[in-house]
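# Chains, contacts and geometry: an overview
Chain by chain, the residues:
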Amino acid sequence: MSDKAIIGIDLGTTNSLVAVFEADGPTLVPNALGEVMTPSAVGYGDDGAVLVGRAARDRLLTHPDLTTARFKRYMGTNHEVKLGKKSFRPEELSALVLGSLRADAEAHLGRKVEEAVISVPAYFNDIQRKATITAAEFAGLKVNRLVNEPTAAALAYGLQDKEAESTFLVVDLGGGTFDVSILEMFSGVMEVRASAGDAFLGGEDFTDTLATELGRQLGIQPKDVSREEGARLRALANRLKHQLSEKAEATGEYVIKGEARPVSISREKFDEITDELLKRLRMPIQRAISDASLRADDLHRIITVGGATRMQAVRGLITRLFKRFPEHSIDPDHVVALGAAVQAGLAARHAALDDVVMTDVCPFTLGYEVSVPLGPNQWEPGHFSPLIERNTVVPASRANEISPLEQHQREINLMIYQGESPFVRDNVRIGQLRVPLPADLKADKTVEVRYTYDTSGILEVEATPVATKKTLRLVIEGTPGTMTRAEIDKRLKELTALKIHPRDEQENAAIIARLRAAYENSLGDQRQHIGHILAQFEAVLHTHDKRQIQDARAQIEEILSRFEGEDVF
Amino acid sequence: MSSDPFTLLGLDRKTATEANIRKAYAERLKVTRPEDDRAAFMALREAFERARQEARWRAEYPADYEEDDEDAEVETGTEACSDPSGDGHSETLTEQASDTATRTAPLAPNAEDDQDADFDEEEEEYVPTDFDRRIDAAMQKLHEALISPWGPPSRADLDALFNHPELEGIDEYRALQWQVRNYLCHATGYYAETGDVQLPGWLTVRLFDDLDGQFGWVRQPSNHPAERHMNAWLRRVREALDWHEMPQEVRKQRELDRLLGRTPENPKGTPDGSNTWLYIGAGILLFVVLRALTGIGG
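Cut-offs used in this document
- Residues numbered from 1 in each chain as written.
- Chains lettered and ligands numbered in written order.
- Predicted model: local features only at pLDDT ≥ 70, side-chain atom pairs only at ≥ 80, totals over all residues.
- Heavy atoms only, no water.
- Helix = DSSP H or I, 4+ residues; strand = E, 2+ residues; numbered from the N terminus.
- Buried < 20%, exposed > 50% of the residue type's maximum accessible area, 1.4 Å probe, protein only.
- Contact = heavy atoms within 4.5 Å.
- Areas by Shrake-Rupley, 256 points an atom, 1.4 Å probe, with all protein chains shown as cover.
- Lys, Arg positive; Asp, Glu negative; His and termini not counted.
- Charge placed at Lys NZ, Arg CZ, Asp CG, Glu CD.
- Pairing = 2+ DSSP bridges.
- Axes fitted to C-alpha atoms, helices over the stretch in contact; angles between N-to-C directions.
- Core = buried A, V, L, I, M, F, W, Y, C linked by side-chain atoms within 4.5 Å.
- Expected span 1.5 Å × (residues − 1).
- Buried area = accessible area lost by both parts, 1.4 Å probe.
- Salt bridge = Lys/Arg side-chain N within 4 Å of Asp/Glu carboxyl O.
- Polar contact = N/O pair within 3.5 Å; in protein donor to acceptor, adjacent residues only side chain to side chain.
- Nonpolar A, V, L, I, M, F, W, Y, C, P; charged D, E, K, R; others polar.

### Details of the overall build of chain A
From N to C terminus, chain A includes 14 helices and 27 strands. In terms of overall dimensions, chain A has C-alpha extents of about 90 × 55 × 55 Å along its principal axes. Going through the 569 residues of chain A one by one, you find that 61% of them count as buried. Sequence-distant contacts, at least 24 apart, represent 66% of the contacts inside chain A between residues at least 6 apart. Surface accessibility of chain A: about 22,100 Å² in total, with carbon and sulfur atoms responsible for 50%. Each charge sign in chain A was given a centre, from 69 positive and 83 negative side chains, and these centres are 3 Å apart.

### Remarks on the sheet that holds strand β5 (residues 41–44) of chain A
Residues and elements named next belong to chain A. Spatially, β6-β5-β7 is the arrangement adopted by the 3 strands of the open sheet, whose pairing is antiparallel. Looking at which strands have only one partner, the edges of the open sheet turn out to be β6 (50–52) and β7 (67–69). This sheet shows a mean twist of 15° between the axes of neighbouring strands, independent of strand direction. Pairing geometry for β5 and β7, over 3 bridges, is antiparallel. The residue bridging Gly43 from the neighbouring strand is Thr67, located in β7.

### A word on unusual backbone geometry
Residues and elements named next belong to chain A. Cis rather than trans, the peptide bond between Val394 and Pro395 has omega equal to 0°. Among the secondary structure elements, Pro395 is positioned in the loop between β21 (392–394) and β22 (396–404). Located in the positive-phi region is Lys469, a residue other than glycine, with phi close to 60°. Its location among the elements puts Lys469 in the loop between β26 (459–465) and β27 (472–473).

### Describing the nonpolar core
If you look at the biggest cluster of nonpolar residues, it comprises 54 residues, and the most contacted ones within it are Phe168, Met190 and Val335 of chain A together with Ile21 and Tyr25 of chain B. Among the elements that make up this core, the one with the highest residue count is helix α10 (residues 335–347) of chain A (9 residues). Not counting residues up to four positions away in its chain, the partners in contact with Met190 of chain A are Ala154, Leu155, Gly158, Phe168, Leu183, Glu184, Met185, Val357, Met358 and Thr359 of chain A. In this structure, Ile220, Val225, Phe270 and Val314 of chain A belong to the second largest nonpolar core, which totals 47 residues.

### Re helix α12 (residues 506–520) of chain A
Residue and element names in this part refer to chain A. Counted at 1.5 Å a residue, the expected span for α12 with its 15 residues is 21 Å, and the 21 Å between its end C-alpha atoms agrees. Along α12, 11 of the 15 residues are buried, which leaves the element largely enclosed by surrounding structure. Of all the residues in α12, the buried ones are Gln506, Asn508, Ala509, Ala510, Ile511, Ile512, Ala513, Arg514, Leu515, Ala517 and Ala518.

### Focus: helix α13 (residues 524–543) of chain A
Across its 20 residues, α13 of chain A extends 30 Å between first and last C-alpha, which sits within 8% of the 28 Å expected from 1.5 Å per residue. Phi turns positive, to about 60°, at His544 of chain A, one or two residues after α13 of chain A.

### As for the sheet that holds strand β24 (residues 428–436) of chain A
Residues and elements named next belong to chain A. Ordered by their spatial adjacency, 4 strands build an open sheet running β20-β19-β23-β24, and the pairing between neighbours is antiparallel. Two strands close off the open sheet at either side, each with one partner strand: β20 (378–388) and β24. Pairwise comparison of adjacent strand axes, ignoring direction, gives a mean angle of 35° for this sheet. Pairing of strand β19 (residues 366–375) with β20, which is carried by 8 bridges, proceeds in the antiparallel orientation. By the bridge assignment for β20, Tyr368 is matched with Ser385.

### Let's talk about the interface of chain B and chain A
The interface of chain B with chain A comprises 64 residues on the first partner and 81 residues on the second. Carbon and sulfur atoms make up 50% of the surface buried where chain B meets chain A, a total of about 6,300 Å² over both sides. Applying the counting rule to chain B against chain A returns 10 salt bridges. When the shortest N-O distance is used, the salt bridge between Glu191 of chain A and Arg45 of chain B registers 3.1 Å. Between the two partners, chain B and chain A, sit 15 residue pairs in polar contact (both at pLDDT 80 or more). A per-element tally of the side of chain B that touches chain A places helix α3 (residues 38–60) of chain B first, with 7 residues. In the side of chain B that touches chain A, the residues fall into 24 nonpolar, 17 polar and 23 charged.

### Quick notes on the pairing of strand β16 (residues 259–266) of chain A
Residue and element names in this part refer to chain A. Where strand β15 (residues 249–256) lies against β16, 8 bridges are found, and the strand directions are antiparallel. For Gly252, the partnering residue across the bridge sits in β16 and is Val263. The turn linking β15 back onto β16 is made up of 2 residues, and Lys257 within it adopts a positive phi angle of 50°.

In short, geometric facts, not functional conclusions.
Okay, here's the thing in structure tokens:
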């Protein structure tokens, strides 16, 4: 076994996890609170230090101006979130989560960690993937490889029976993204045959829909409520959504203007309001199946991954589509992180994985813009010419020759696109390359364009004019959503200057945040009781007696779980 | 790179089956990992895909190979390196042909005559399964709803038709997707010789969008060439429908704008200044001259 530790990270929309590959397989690493799931939430604490994880998530309810979550959805865009006075890019917020996971792994392994395999939705585009790599760099981690989430899940499942010959479908509905992959396994080779998905569809959308419905029941509009009240309504919607996975009807209470108002939602009603979202789940499944030229019977296993696949409506849809029940023998919240750790084990050449190889595909078609002839001397720009077709096994390299429209042109502006539409306006622009041409009118003005796609799903573009043989490489500048080198360095400096909450104090911060949230959400005697506990705990904290603090935490933990078990959040 | 795929896999071209090829690939893959040696992996992968293609082809059409087995050593060698893209193409076409034969043949009321002619050989063996009957019944219902004198079906009508428990399975959905597209293509003149879009009276923008929303042709073209072609056709149909539903005056104005708009465009194309190249450059005017025959090193 090599000495360099590579960790596997599932950087999720709602929760993030870290796992390591050890002698007996992949193992999840607990955080400072002893939990394996760290909420992907970031915020400032009362003392001005940065809080990550559960404490930050609970403070979303009480300090919505200082806390944020679900920033994975903004990866690959310039959307900045303001916390207090400082604005954060999605890469920076993700970096804070990654840094916290890294610290957990270091505490677990007892040594420094500098390299990681990070999972991303298969349907993440080039810009989103690069943003993830930048986030890792901010957190001091070198990305060994980005692994697609459904592929990671399949790796975790495939390891259970390495020699099996089987075809499986992985349906991965996470907090914010949806992926479908079809994999084939033979003689230890894990091969992805097709991937499809929707980068903007996840469990959070179901929560939003339910929150809107609850608002309707209560007669409140999003614009009428404060951010704090809105956050509480959303948290309530989330809890009811979870309840509906077990029960046919979920009920709760929403405290507004000192009054507790009952709300309820039945499974039928929930299915009705989320019907449009369910329809969107269908198309990628259908496309993956048809790309792989398979029928329902050809699939040996159907695996569901991601917490949102716990919803009955989603399970019902899959059952109806394939006429059998999907399996989820590994916890759908854990499986991606476990798979990322398997990939980390593969990268570190772990002896236990000698006979396993995984190959993946690029889920998108990559190409460039061309003009097509309409008639003599009439050209129509805006057409998409594919170079690497979707579901090509990566790494892959493809080349093609292009010519300028006019012989006197001194430059070709190569616009690089990703997508399936024959028109570039419907595809994603991922960069451009200006290729200078020789001035000589008689010179050969053909340019060879080569796209190379690496195993992380990152594209490299080269253009070589035939006449000069001088190769140009793509420099993505000015593409919306990406940062320049100088920007990255500047932001990195700012990030290192941030004060991060010490790891051993996270438990206390989390308990206080939970108490505050419970206080906000209760009334009368209960509220007074919680207020009392909160004051007591703060008093205990001032003693700085570790033993006493620990006992108090255990007691409060018990009381809180009783409250939360009832109806108080 | 253009070396013989079977040699690279250490197999005998004449006897290798798909299972042998997979096994040989798996063995070599374990020492040629994609993350270690990119170029070697890509060569191995290409060899694997080409060998598998040929083995499948051979299994499907053994006669073709028996005839010219004597000169196969020489012939197929050159064939394989000069025309692998052609091979890939024919594979997808075969798949589609059989797809259409088993599932499409009995359907699409308007298309029946054509298809009978196209799939004569298969016709004799054809025994409709329960699956086919369900799809047939659904297509019949759709056909009746579409040509109903009471106007086109509403979204709710279509939902009731397609989301029927008997049709919800993924295979049924795929078959229906083919059928309905074929029906639409037929009705809009895809198979006609003129190549012009014809719009039947019952086809409205809303109806088209409802059907497209159900099956997603326009937004998500397939990676099978024939399907892609049909999806591109439907895109044209959608544009024609848009045009058709515009009020007469708007259409007239647009047409006028288009004609006028094109006149000042012409001088742009001719060199008229020192920064023409800049202008053209910024206008992204590229033209594919040569599609490399093989993806790599073509």
